[in-house]
Amino acid sequence: MTEEVSEQRQSRLNKLAKLQDLGYNPYPYRFQPDSYAHPLQEKYKNLPNGENTEDRVTVAGRAMAVRNDGMFIDLKDKTGNIQIFCHKSHLDENNLKLLKCLDIGDIIGVSGFIRRTPRGELSVAAEKFDIIAKALEPLPEKFHGLTDVETRYRKRYVDLIINDDAKQILLTRCKIVSAVREFFNQNEFLEVETPTFHPIMGGANAKPFITHYNALDNDFYLRVATELYLKKLVVGGIDRVFEIGKNYRNEGIDKNHVPEFTGLEAYMAYGDYNDMADLIYKLVRFVVNKVFGTDKLVLEGHEIDFSKPFPKVSIIDLIKRETGVDFLSVETVEDARALAKSVGVDADHCSNWGKVVQEVFDEKVEATLIEPIHVSDMPKDISPLAKTHRDNPRLVEHFDTYLLGMELGCAYSELSNPLEQLERFKAQMAERENGDDEAQMLDESFIDALSYGFVPTTGMGMGMDRLAKLLTGAATLRDVILFPTLKKMK
RNA sequence: GGGCCCGUAGCUCAGUCGGUAGAGCAUUUGACUUUUAAUCAAAGGGUCAUGGGUUCGAAUCCCGUCGGGCUCACCA
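So, here's what we can say about the structure. (Residues numbered from 1 in each chain as written. Chains lettered and ligands numbered in written order. Predicted model: local features only at pLDDT ≥ 70, side-chain atom pairs only at ≥ 80, totals over all residues. Heavy atoms only, no water.)

## As for the overall build of chain A
A count of helices and strands for chain A gives 14 helices and 18 strands. Here the C-alpha coordinates of chain A stretch approximately 90 × 55 × 45 Å along the principal axes. Looking at chain A as a whole, 50% of its 490 residues qualify as buried. Long-range contacts, defined as pairs at least 24 residues apart, comprise 66% of the intrachain contacts of chain A with a sequence gap of at least 6. Placing the 62 positive and 78 negative side-chain charges of chain A at their respective mean positions leaves the two points 7 Å apart. (Helix = DSSP H or I, 4+ residues; strand = E, 2+ residues; numbered from the N terminus. Buried < 20%, exposed > 50% of the residue type's maximum accessible area, 1.4 Å probe, protein only. Contact = heavy atoms within 4.5 Å. Lys, Arg positive; Asp, Glu negative; His and termini not counted. Charge placed at Lys NZ, Arg CZ, Asp CG, Glu CD.)

Encoded structure:
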């Protein structure tokens, strides 16, 4: 807090003191409205101009605008806006004194009768007026609102008060996550919470945050994924399990990436990745239906029909379709790099065949995938936790789901052979020793779990923030995150 | 991390060639009183992000720092 008091704040402090001099508490314990703006607007939409009713209501909300010295107040509650009409013929002396201490931004409670003004505005004609929270800071300007991005993130509460569009997007995100949860609950998945402090980094290729855990005197990784713990639960006999929670990856921030993000993972025993492809399609369709009440959304100018099952196409075929080259025709990393170069992609930094394939896909194919699609059968090199493909030992049964050119999630037929898993981890450790600090670590406790027998299982992961960004049309991931992390103020 | 751009009143923004800091809304005082970004009259409100430098003189030019945005690279 600044020590100097702004003129605007001082004016409000003066009014607060005046209220207290009157023996009035502008921070009461309780105030219960019985009506809300939008339902009232609906209920009385046919009330003619200039007509009064005998209907008494109590409303509460924030004073967003004040005209004619308080005679007209625009009240905003969680449902919408309604005008308050304060006329001295309906208010006693005391209430009129309170009205003089009103500022824009104060939260008020009003009881009165419903009328529509001659100019056509539905109003509550106040017979009792209360200030139930005196605001000491002014709201941003009524016409232009709050546009400064930094302030919108640092003071999200002000953004929510003033920017209805921003609020709508954030609330929709909450509904989306809620719908995801409902879908899994309906399908008899058990929701669990697994540790966020991991002794070993695993479940995804990423740079971790590291922190010290005093009570245990050990360094831990903040989780980059929930995968290994959830699979341990499947080993333990929990056949259908899911978790929605924060993952942390110590990497860059841009409109599609934030270091602290909300991940969904779900595991379904007795199925393979074809079953999961179907489940993901049903999940997304369910969410779109539930939240938007339709199958079709116009996103980034494209009409997307979520009622059609998402096609599943192999990454090799997609690259072939876009570039004409077949990466299965080459075996070595050198030949793969040369093939990449022949289609204009520099993959010299890629240390194995699979990474070259991924690089060419990212450069040439990713942006073209507008409609929902499962990009399947990834190179084994880049996917250490998925089962080897039943038809091709160089590939794994792993697909990534894309929408509007962005990766939304992934799914595997989960690798269940403990001996093969151990070999895959060893390959990851070799990558790590070659300088890839995002390669996964050998998790012996996970190998141990698999060694007790891991039923054939399919699993999926999906970024909830990304899903929300795509479905709401938000410009950046941070618009679907209530409090994005910013640098400390100095 | 690289490149580009931004930071001026509570908010939204002007500020020309380096020459006393501006507007609208908001605030204060008054008028008016069924308004709709109410209107009318007047007033107050500034460490021009911050620290240096150049200069007779810096919001303006130069350098550093802090914070933010866009973008490229990396990751999902």
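## As for the pattern of salt bridges
Counted according to the given criterion, the structure contains 31 salt bridges. Among the charged side chains, a salt-bridge network with shared partners connects K15, D103, D106 and K134. (Salt bridge = Lys/Arg side-chain N within 4 Å of Asp/Glu carboxyl O.)

## Some details on the side chain of R12
If you trace the backbone, R12 turns up in helix α1 (residues 7-21). An unpaired buried charge is present at R12: no salt bridge exists, and D106, the closest side chain of opposite charge, is 4.0 Å distant. Separated by 3.1 Å, the side chain of R12 and the backbone oxygen of A135 make a polar contact. Filtering out sequence-adjacent residues up to four positions away, R12 remains in contact with D103, I104, D106, K134, A135, L136, E137 and P138. (Polar contact = N/O pair within 3.5 Å; in protein donor to acceptor, adjacent residues only side chain to side chain.)

## Here we look at the sheet that holds strand β4 (residues 107-116)
The strand order around the closed barrel formed by five strands is β1-β2-β3-β5-β4, and the pairing between neighbours is mixed. Adjacent strand axes in the sheet meet at a mean angle of 50°, parallel and antiparallel pairs treated alike. Of the pairings in the sheet, the one linking strand β3 (residues 80-85) to strand β5 (residues 122-133) comprises three bridges and is parallel in character. Bridging across to β5, Q83 finds its partner in S123. Taken strand by strand, helix α3 (residues 93-100) contacts β2 (72-77) and β5, and its axis lies near 75° from that of β5. (Pairing = 2+ DSSP bridges. Axes fitted to C-alpha atoms, helices over the stretch in contact; angles between N-to-C directions.)

## Let's talk about the protein's contact with RNA strand B
Inspection of the region around RNA strand B gives 48 residues, with E7, R119, E150, E251 and R478 positioned closest. For RNA strand B, the fraction of atoms within 4 Å of the protein that belong to sugar or phosphate moieties is 54%. The side chain of S11 places a nitrogen or oxygen atom 3.1 Å from a sugar or linking oxygen of RNA strand B. Separating a sugar or linking oxygen of RNA strand B from a backbone N or O atom of G145 is a distance of 2.8 Å. For the surface near RNA strand B, the secondary structure elements donating two or more residues are α1, β3 and α4 (149-154). Residues belonging to the surface near RNA strand B are distributed by class as follows: 14 nonpolar, 11 polar and 23 charged. (Near = heavy atom within 4 Å. Nonpolar A, V, L, I, M, F, W, Y, C, P; charged D, E, K, R; others polar.)

## Here we look at the environment of K246
Its place among the elements puts K246 in strand β10 (residues 240-248). Along the chain, K246 and C86 lie 160 residues apart, while their C-alpha atoms are 48 Å from each other. Other than its neighbours up to four places away in sequence, K246 contacts R223, E260, F261 and T262. Reaching out from K246, the side chain makes a polar contact with the side chain of E260 at a distance of 2.7 Å.

## Description of the nonpolar core
In a soluble, globular protein the nonpolar side chains are often hidden away together inside. Formed by 48 residues in total, the largest nonpolar core has its most connected members in F184, L264, F306, M460 and M462. It is helix α8 (residues 273-292) that contributes the most residues to this core, 12 residues altogether. Sequence-distant contacts of M462, that is, excluding residues within four places in its chain, are made with T262, G263, L264, I280, L283, V284, L408, G409 and L467. The next biggest cluster of nonpolar side chains, apart from the first, holds 46 residues, and it includes Y267, F327, A336 and V455. (Core = buried A, V, L, I, M, F, W, Y, C linked by side-chain atoms within 4.5 Å.)

The values reported here are purely geometric and, on their own, carry no functional implication.
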